[in-house]
Amino acid sequence: MKKVVSIQDISCYGQCSLTVALPILSAYGIETAILPSAILSTHTGGFQGFTSLDLTEEMPRILAHWIREGIRFDAIYTGYIGDARQFELIRKAKNSILTAGGKLMVDPAMADHGKLYGALTPDIVAGMRTLVRDADVILPNLTEAAFLLDVPYEEQYDRNRIMEMLKKLGEMGPETVILTGVSFENGRVGAVAWQKESGVYQECFTERMPRDYHGTGDVFSSVVIANLLNGVDVSVALKRACEFVVESIRNTMPDAEHSYGVKFESVLAKNRV
Ligand code: PXL
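Predicted, not measured: the structure shown is a model, and the values here were computed from it.

Caption draft 1: The arrangement of the site of the ligand in detail. Around the ligand, the neighbouring residues are Asp9, Ser11, Cys16, Ser17, Leu40, His43, Thr44, Tyr80, Tyr117 and Asp218. A distance of 2.6 Å is found between an oxygen atom of the ligand and a side-chain nitrogen or oxygen belonging to Asp218. For the ligand, the accessible surface in isolation is 320 Å², of which the surrounding protein chains cover 96%. Among the residues forming the shell around the ligand, the class breakdown is four nonpolar, four polar and two charged.

Caption draft 2: Up close: the pattern of salt bridges. Scanning the entire structure with this criterion turns up 15 salt bridges. When the shortest N-O distance is used, the salt bridge between Glu164 and Lys168 registers 3.3 Å. Pair noted here: Glu164 and Lys168 are both in helix 6 (residues 159-172), with a separation of four residues, about one helical turn. Taking relative accessible area as the criterion, Glu164 reaches 36% and is therefore assigned partly exposed. One network of salt bridges, in which partners are shared, links Asp54, Glu57, Asp83 and Arg85.

Caption draft 3: Structural detail: the packing of aromatic side chains. Overall, the coordinates contain seven aromatic pairs when judged by the stated rule. Seen from their ring centres, Tyr13 and Tyr260 are 4.9 Å apart, and the 40 degrees between their planes marks the pair as tilted. Placement of Tyr13 in strand 2 (residues 10-13) and of Tyr260 in the loop between helix 8 (234-252) and helix 9 (265-270) is noted, with a sequence separation of 247 residues between them. The class of Tyr13 is partly exposed, set by a relative accessible area of 42%. Exposure remark for Tyr260: the relative accessible area of 18% places this residue in the buried category. Grouped by ring-pair contacts, the aromatic residues Tyr13, Phe47 and Tyr260 constitute a single cluster.

Caption draft 4: Up close: the sheet that holds strand 10 (residues 137-138). Spatially, the eight strands line up as an open sheet ordered 3-1-6-7-10-11-12-13, and their pairing is mixed. Taken across any chain shown, the strands that pair with only one partner, and hence form the sheet edges, are strand 3 (31-34) and strand 13 (200-207). Here strand 11 (residues 176-185) runs beside strand 12 (residues 188-195); their pairing, made up of seven bridges, is antiparallel. Looking at strand 12, one finds that Glu185 is bridged to Arg188. Contacts from helix 3 (residues 86-96) reach strand 1 (3-7), strand 6 (73-78) and strand 7 (98-106) within the one sheet, and its direction differs from that of strand 7 by about 150 degrees.

Caption draft 5: View of the environment of Asp9. Within the element layout of this structure, Asp9 appears in the loop between strand 1 and strand 2. Judged by relative accessible area, Asp9 falls into the buried class, the value being 3%. Remark: the alpha-carbon pair of Asp9 and Leu55, spanning 46 residues in sequence, is separated by 9.1 Å. Not counting residues within four places of it along the chain, the set of residues in contact with Asp9 comprises Ser17, Leu18, Ser37, Ala38, Leu40 and Tyr80. There is a polar contact of 3.0 Å between the side chain of Asp9 and the side chain of Ser17.

Caption draft 6: Helix 1 (residues 18-27), seen in detail. Taken together, the buried positions of helix 1 are Leu18, Val20, Ala21, Ile24 and Leu25. End-on view of helix 1: buried residues confined to an arc of 155 degrees, all on one side of the axis.

Caption draft 7: Geometry of the sheet that holds strand 5 (residues 52-54). Within the open sheet, the three strands sit side by side as 2-4-5. Their pairing is mixed. This sheet does not close on itself; its edge strands, each paired only once, are strand 2 and strand 5. Averaged over all pairs of adjacent strands, the angle between their axes in this sheet comes to 15 degrees, without regard to strand direction. Bridging between strand 2 and strand 4 (residues 38-42) involves three bridges; their strand directions are parallel. Paired with Ile10 across the strands is Ile39, a residue of strand 4.

Cut-offs used in this document
Residues numbered from 1 in each chain as written. Predicted model: local features only at pLDDT ≥ 70, side-chain atom pairs only at ≥ 80, totals over all residues. Heavy atoms only, no water. Near = heavy atom within 4 Å. Polar contact = N/O pair within 3.5 Å; in protein donor to acceptor, adjacent residues only side chain to side chain. Areas by Shrake-Rupley, 256 points an atom, 1.4 Å probe, with all protein chains shown as cover. Nonpolar A, V, L, I, M, F, W, Y, C, P; charged D, E, K, R; others polar. Salt bridge = Lys/Arg side-chain N within 4 Å of Asp/Glu carboxyl O. Helix = DSSP H or I, 4+ residues; strand = E, 2+ residues; numbered from the N terminus. Buried < 20%, exposed > 50% of the residue type's maximum accessible area, 1.4 Å probe, protein only. Phe/Tyr/Trp six-rings, centres within 6.5 Å; stacked < 30°, edge-to-face > 60°. Pairing = 2+ DSSP bridges. Contact = heavy atoms within 4.5 Å. Axes fitted to C-alpha atoms, helices over the stretch in contact; angles between N-to-C directions. Arc of directions from axis to C-beta.

Laid out in structure tokens, this is it:
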């Protein structure tokens, strides 16, 4: 049984970050610990006046205790990080609580649709770049990839451009690069993956749903990471995650009031492994 620790915020309400990662990883049979980076009343996309308690001071105390206890994990899965001081702690965690061969998996959840999330500052981008250098697997969307590579976000691109981005992201450090929100034809969208050592390139596309929702990146990353930890091949992990997200959106759309996240729970219940 694999053991992972997820480092990201608790958005108490809003179906994202740890309230998505924890149930999904658990349902896939992975023991999941959390190292929360902050506690917010909601996520920052679309709610007004959210509260936030930063946990930068507490995180080293939690990590130190785990080190004293000899606790080890097969993977660290990071997501939204709201304070750039935490990148150093994540690096320390990588060097102290991973098993031999343990992986650092980074979803650089910081931007979408060409823009940085509202509560984030440019030092998060700089910090995320350093984290990507240490990562084994990264899962950016196209906007995050542009920020990481320090190139303009372009809505128009072709397969050559995407291959170039995958390779450049791989050159930053990670063995596996999974890029999301990629579309080469109208009505289809999905994810592509590049494995540096073998040079294997894979694609997975599903129908483009007519609405965008917060939290779909977190659902996607959690399903991919759960599958990879269970030894599933990257191409199968991509397919399962793309289908999982589409199904969650399909589930959510009939409820027009529900705009802050996706109803992934019943999809998870159906896909129990
Ligand atoms: O789903 C990404 C995410 C996670 N955590 C917080 C966020 C967001 C996206 O906006 O605001 C606090």
